Amino acid sequence: MNLEVKHKSSRLTVSEAFLLAPREHFVDHFRHPVSGEWVRGSTYPEHREQIRRDMPLAIWANDSVVSTISQPTFVRRCLELLHIEPGQRVFELGTGSGWNAALISLLCAPGVVDTYEIIPELASQARHRLRRLGFDRVRVHTGDAMTIDHPWQYQRGIFTAGAQDVPASLHIAIEVGGRLLFVLRRHVGPDLLLVLIREITHFRAEQMVPCSFVPVTGETKFPKHDVQSMIDLTSKLGPGRQIDKFDDVALVRLERVKEFLQLHDEFRALKRMDGEFAWVTEAGSVLVAKPWTWFEYGPEGAAREVQRCLRCWQEWGNPRVEDLELNVYPRECAPAPRVPRQIHMHRADSVFVWSA
Ligand SMILES: C[S@@+](CC[C@H](N)C(=O)[O-])C[C@H]1O[C@@H](n2cnc3c(N)ncnc32)[C@H](O)[C@@H]1O
């Protein structure tokens, strides 16, 4: 069956693309969300029904990694946020089933989609599937999309897995005026889908949407912090010191403060079994947030920076993270650190600068 030749008009809406490339054509097998068993997509009407439901489905897994085909309403939302125009060249991190790449290729026709998949088996399956279905303008590349040097310029780009950093190569590969949907992975809590617009020197976040994606794997995979070793660490650092109570940070607001601080690269937020949160700093001190107060362990440092962040956050009127301004600079072009009323988050290739 050739799905793409059915597409004749030059400019399609996202809804029309969904009709031309139904999700069920891209799921050969999946893990049944109820039974947990791997089943073939086309064997029983009940399985086809499952694929039509508005939920993500696991399409591949080993002991440590899962690949999913995303929830249709979220795929639709992302494609709408991308504002794809006919003739554009589009980058995708995370081919998975190839469904999203097929939808993009309908929207950017006669442009090309370069999609990257790190799991060779999935890349090969998607390549064959897309070829069989007639999506000739999708190029499936096998490899780690976080570390490649892009040989092309893109007007649009999309991540379908959560990462901590915008790779240096994308600062160059996305054209000025282009759009990149980037998924910022956080230590605790939902990921943030960032709609980034490429300005001359940096990316500016136009919108942020809480979301949930699988993490990127490969060389730059998201580090896991071991809760047990944190608990050991505080016991080794000796008795904690109680620090400022931040009286006006009421219990109800603590969730927001935690969310806010999780953005800061100096802190590694960890959920502890009794519901407390702890941040460890580069200097080796640890800060623990309790419902009404804060304790610092080890060398002084964590508290000072947390106080600075909290002061910013309170001066800004206790915003939600998605209401803040965000600019993402390549490391070598980042503004000077410690600018008042700015919070900088340093990653290997990019600096995320938050302000209100
Ligand atoms: C949510 S799934 C993608 C869904 C896909 N877009 C679709 O339409 O089916 C995320 C995919 O990203 C892949 N991935 C993770 N890290 C990657 C990396 N560094 N480079 C390329 N692909 C990666 C995963 O193996 C996984 O298949």
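For clarity, every value in this text was computed on a predicted model and none was experimentally measured.

Enquirer: Could you clarify how one ought to interpret the overall build of the protein chain in this entry?
Expert: Along the backbone of the protein chain there are 9 helices and 19 strands. For the protein chain, the residues scored as buried account for 36% of the 356 residues in total. Within the protein chain, residue pairs in contact and separated by at least 24 positions form 55% of the contacts whose partners lie at least 6 positions apart.

Enquirer: Where do I start with the environment of D114 in this structure?
Expert: Topologically, D114 is positioned in strand β6 (residues 113-117). C-beta crowding within 10 Å serves as the criterion here: with 22 such atoms nearby, D114 is assigned to the buried category. In this structure, the C-alpha to C-alpha distance between D114 and V138, residues 24 residues apart in sequence, is 6.2 Å. If near-sequence neighbours (up to four positions away) are discounted, D114 is found in contact with F91, R139, H141 and W152.

Enquirer: How do you make sense of helix α5 (residues 120-133) when you look at a structure like this?
Expert: Every α-helix winds through 3.6 residues per turn, so residues three or four apart in the chain are directed the same way. Over its 14 residues, α5 runs 20 Å from end to end, which matches the ideal 20 Å to within 8%, given 1.5 Å per residue. Every buried residue belonging to α5 is among L122, A123, Q125, A126, R129 and L130, and all of these are buried. Down the axis of α5, the buried side of the element spans an arc of 165°, and every buried residue falls inside it. Within α5, the exposed residues directed more than 90 degrees away from the buried face are P120, E121, H128 and R132. Against β3 (57-61), β4 (66-69), α4 (99-108), β6 and β7 (138-142) lie the buried residues of α5. Backbone geometry just after α5 places G134 at a positive phi near 90°.

Enquirer: Before we go on, may I ask you to explain the site of the ligand in this structure?
Expert: Lining the immediate surroundings of the ligand are 25 residues, of which S67, G94, G96, S97 and N100 lie closest. Elements supplying a minimum of two residues to the shell around the ligand: β4, α4 and β6. Of the residues forming the shell around the ligand, the biggest block, 3 residues, is contributed by β4. Looking at side-chain class alone, the shell around the ligand contains 13 nonpolar, 10 polar and 2 charged residues.

Enquirer: Got a minute to help me understand the nonpolar core in this structure?
Expert: Side chains of nonpolar character tend, in soluble globular proteins, to be buried together. Core analysis: the biggest nonpolar cluster contains 67 residues, and A102, L103, L107 and F182 have the highest contact counts within it. Counting residues per element, this core draws most heavily on α4, at 8 residues. If sequence neighbours within four positions are ignored, L103 has contacts with A17, F18, A21 and L79. The next biggest cluster of nonpolar side chains, apart from the first, holds 5 residues, and it includes V286, L287, A289 and Y297.

Enquirer: Could you clarify how one ought to interpret the environment of C108 in this entry?
Expert: Following the sequence through the fold, C108 ends up in helix α4. Put simply, C108 and H83 are 25 residues apart on the chain and 9.8 Å apart in space, counted from C-alpha to C-alpha. Once you skip the residues sitting within four places of it in the chain, C108 turns out to touch I84, P86, G87, Q88, V90 and V113.

Enquirer: Looking at this model, I keep getting lost on unusual backbone geometry. Mind explaining?
Expert: Glycine aside, residues mostly have negative phi, and peptide bonds are mostly found in the trans state. The step from A109 to P110 runs through a cis peptide bond, and the omega angle for that step is 5°. Mapping P110 onto the fold places it in the loop between α4 and β6.

Enquirer: I'm lost on the sheet that holds strand β17 (residues 325-330) in this one. Help?
Expert: Judged by pairing direction, the sheet is mixed, and its 10 strands sit side by side in the order β7-β6-β5-β8-β9-β10-β11-β17-β19-β18 without closing on themselves. For this open sheet the edge positions go to β7 and β18 (343-346), each flanked by a neighbour on one side alone. Taken pair by pair, the neighbouring strands of this sheet meet at an average axis angle of 20°, ignoring direction. By the bridge criterion, 6 bridges tie β17 to strand β19 (residues 350-355) in an arrangement that is antiparallel. By the bridge assignment for β19, Y329 is matched with V351. Here α5 sits on the sheet and contacts β6 and β7; the angle it forms with β7, its principal contact strand, is near 165°.

Enquirer: How should I be thinking about the pairing of strand β16 (residues 294-297) in this particular structure?
Expert: Looking along a regular strand, one sees side chains alternate from face to face of the sheet. Alignment of strand β12 (residues 241-243) against β16, held across 3 bridges, turns out to be antiparallel. From the neighbouring strand, I243 faces β16, where its bridge partner is W294. Pairing analysis gives 4 bridges linking strand β15 (residues 286-289) to β16, with the strands arranged antiparallel. Opposite A289, over in β16, you have W294 as the bridge partner.

Enquirer: Just to check I follow, could you spell out the environment of E199 for this structure?
Expert: Residue placement: E199 occurs in the loop between β10 (191-198) and β11 (203-211). When the C-alpha atoms of E199 and G177 are compared, they prove to be 6.2 Å apart, with 22 residues separating the residues in sequence.

About the cut-offs
Residues numbered from 1 in each chain as written. Predicted model: local features only at pLDDT ≥ 70, side-chain atom pairs only at ≥ 80, totals over all residues. Helix = DSSP H or I, 4+ residues; strand = E, 2+ residues; numbered from the N terminus. Buried ≥ 20, exposed ≤ 12 C-beta atoms within 10 Å, placed from the backbone. Contact = placed C-beta atoms within 7 Å. Expected span 1.5 Å × (residues − 1). Arc of directions from axis to C-beta. Near = placed C-beta within 6 Å. Nonpolar A, V, L, I, M, F, W, Y, C, P; charged D, E, K, R; others polar. Core = buried A, V, L, I, M, F, W, Y, C linked by C-beta atoms within 7 Å. Pairing = 2+ DSSP bridges. Axes fitted to C-alpha atoms, helices over the stretch in contact; angles between N-to-C directions.

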